[in-house]
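# Per-entry structural report
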Amino acid sequence: MVNSKTERHRFFWSRASLMAGAAGLWMASFGIAEAQYTEYQPAEPEAGTALPEAAVNFGMRPYADNTFYVIAMKKGWFEEAGIAIGPEELGMKINDTNGTALLLNGQIDIASQYCPLMLPTYKSTEKLKCIAFTDTFLGQAILANPELGLKSFRDYIAEGMDFDEAIKTALEPMTGKTLVTPPQLSNRPFTDAAAEFSGVKWDTQVLEDSKSLVLAKSGQIDFLNPEGAPVVFTLEQAGWTKLLGIGDLFEYAPGGAGSPVAPLVAIVGIGANADFVNANQNTVLRFLSVVWRTIDAVKKDPSLYDLQAPYLNSVAGTDLDGKGVQGTVDSLHPFAPFDYGETYFNNPDSVLYYGNAWGAMIKEFVDNGILPDEGLTPDDIIWAAAIWKQMEDYRVQSEKMIGDLDGQTLSDDKKALLDQAKSYYEKFNYLDAYRLATAAGA
């Protein structure tokens, strides 16, 4: 097993080093002056009752959990929130290589993003911010051949075992056996954590996913830890047992700021250019209201994934129908609804709490020389917490006002404003629900 922290993170940190150097080149190439960006500063609600209109240049990375926004575009939900998506009808196609640069130079205002990809730019600028979390990646797993008839960690949890006993019992059959792992080092922190928590020792064999998948399908592998999330999904569909998944550690492992699981957290979200956010705070809230509306809608009506599948296939080279997209999302990176902000932003005992996950991440970037040790904190880059809390405040206030006004005798125009407020509330646009409820009660 690889126990060296330096070795197991070498691939990731070498990539991060390149990105940190690239940040300086991007700054020079695009004439971006160095600047300090303080914490998120909310704007006051607009006066009046008309819905303000704004344009947002939006980029999407080519993944299932990064392109669901297409559903809202095709349904017209952004327009209903007063937002025109650009620069093309369905925004801009971006990837991990160019997305950060396009945000930095202002060609796009907002982008679907795995926000740690932006962190190396903090060596030169604090211009990029993470404004929302949309899902936690759950694609890492240790799988067992179904012929072995083994129980999973969650099976033992369901039987009443505590975390320590369940993980030891689930992984005990691997003692002295071979775990097939990929050559990429990005999975090693997960398998190392599994070994550390369980006390179980195994041998490893390194194989590319393409080869291990063939061997797994032919029954020549007993235990497998794939690099690619689609391989995990494929084998689970074929009956393989997920002995342990990264989500099991997120949910049951000891939490808090010092949790050894904190550095493993991979939360996908939305990145933005701070200049755009600072000038368009309420537009950002309305944009995010559509995001939360879409997440809620696909949970209630998975057939909406049929609208996403053709676009995803065109940018990712996949061949999925709507049900395939749904299966991928539900299994590997289930979307976080609006109220999951309580876990991400208000529960410091959770491994997924942004202060814990990002505190650990920043420390690792500093320890590996990617960032200088200059007191960078999670709130410096994660504006998602402050933004969510602002929207939650609007939700609470608008809900109370709507409740207070219901049943009162109102004039026709005031009743119409109250009905609009209720409609905005149902669509997660709590900002305009607050504005219209305020007007209805005036």
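Up top is the structure.
Attention in this report is confined to the structure presented alongside it. The shown structure was predicted, so the numbers you read here are calculated from the model rather than taken from an experiment.

### Considerations on the overall build of the chain
Scanning the chain from terminus to terminus reveals 21 helices and 11 strands. By the compact-globule yardstick of 22 Å for 442 residues, the chain fits well, its C-alpha radius of gyration being 23 Å. Here the C-alpha coordinates of the chain stretch approximately 75 × 50 × 40 Å along the principal axes. Residue burial in the chain is summarised as follows: out of 442 residues, 54% are buried. Counting only contacts in the chain whose residues sit at least 6 apart along the sequence, the fraction spanning at least 24 positions is 78%.

### Considering the nonpolar core
Grouped together as the largest cluster of nonpolar side chains are 115 residues, with contacts concentrated most on Leu249, Phe287 and Leu288. Residue contributions to this core peak at 10 residues, all from helix H13 (residues 281-300). Every residue in contact with Leu288, bar those within four places of it in the chain, is listed here: Ile131, Ala132, Ile270 and Ile387. Ala141, Leu143, Ile221 and Val232 belong to the second-largest nonpolar core, a separate cluster that totals 15 residues.

### Examining the packing of aromatic side chains
For the structure shown, the criterion picks out 22 aromatic pairs. Ring geometry for Phe428 and Tyr430: centres 6.0 Å apart, planes at 65 degrees, overall edge-to-face. Taking the relative accessible area as the measure of exposure, Phe428 reaches 13% and is therefore buried. Overall, Tyr430 belongs to the buried group, its relative accessible area being 5%. Through a chain of ring-to-ring contacts, the aromatic side chains of Phe133, Trp292, Phe338, Tyr340, Tyr344, Phe345, Tyr353, Tyr354, Trp388, Tyr425, Phe428 and Tyr430 assemble into a single cluster.

### Some thoughts on the sheet that holds strand S10 (residues 241-245)
In spatial order, the strands read S8-S7-S9-S6-S10; together these 5 strands make up an open sheet with mixed pairing. Bordering the open sheet on either side are strand S8 (203-206) and S10, each of which pairs with just one other strand. Bridge analysis of strand S6 (residues 141-144) against strand S9 (residues 223-224) gives 2 bridges, and the strand direction is antiparallel. Within S9, the position partnered with Ala144 by the bridge is Phe223. Across the face of the sheet, helix H10 (residues 229-237) comes into contact with S6, S9 and S10 while running at roughly 30 degrees to S6.

### Things to note about the pattern of salt bridges
This model, assessed by the stated rule, comprises 19 salt bridges. Between Asp432 and Arg435 there is a salt bridge, and its shortest N-O distance comes to 2.6 Å. In this pair, Asp432 and Arg435 both sit in helix H21 (residues 430-441), 3 residues apart, roughly one turn of the helix. On the basis of relative accessibility, which here comes to 5%, the residue Arg435 falls in the buried class. One network of salt bridges, with partners in common, ties together Glu46, Arg286, Asp432 and Arg435.

### Regarding the pairing of strand S5 (residues 128-136)
The buried fraction of S5 is high, at 9 of 9 residues. When S5 meets strand S11 (residues 267-273), the two strands line up antiparallel, connected through 7 bridges. Within S11, the residue paired with Cys130 across the bridge is Gly271.

### Comments concerning helix H14 (residues 305-316)
Look at H14: 15 Å from first C-alpha to last across 12 residues, which is about the 16 Å you get at 1.5 Å a residue. By the burial criterion, the buried members of H14 are Tyr305, Gln308, Ala309, Tyr311, Leu312 and Asn313. Elements that come into contact with the buried residues of H14 comprise strand S1 (54-60), helix H3 (69-75), strand S3 (92-93), H13 and helix H15 (322-332). One or two steps after H14, the chain reaches Gly317, where phi turns positive at roughly 75 degrees.

Rules of the game
- Residues numbered from 1 in each chain as written.
- Predicted model: local features only at pLDDT ≥ 70, side-chain atom pairs only at ≥ 80, totals over all residues.
- Heavy atoms only, no water.
- Helix = DSSP H or I, 4+ residues; strand = E, 2+ residues; numbered from the N terminus.
- Rg over C-alpha atoms; globule rule 2.2 N^0.38 Å.
- Buried < 20%, exposed > 50% of the residue type's maximum accessible area, 1.4 Å probe, protein only.
- Contact = heavy atoms within 4.5 Å.
- Core = buried A, V, L, I, M, F, W, Y, C linked by side-chain atoms within 4.5 Å.
- Phe/Tyr/Trp six-rings, centres within 6.5 Å; stacked < 30°, edge-to-face > 60°.
- Pairing = 2+ DSSP bridges.
- Axes fitted to C-alpha atoms, helices over the stretch in contact; angles between N-to-C directions.
- Salt bridge = Lys/Arg side-chain N within 4 Å of Asp/Glu carboxyl O.
- Expected span 1.5 Å × (residues − 1).

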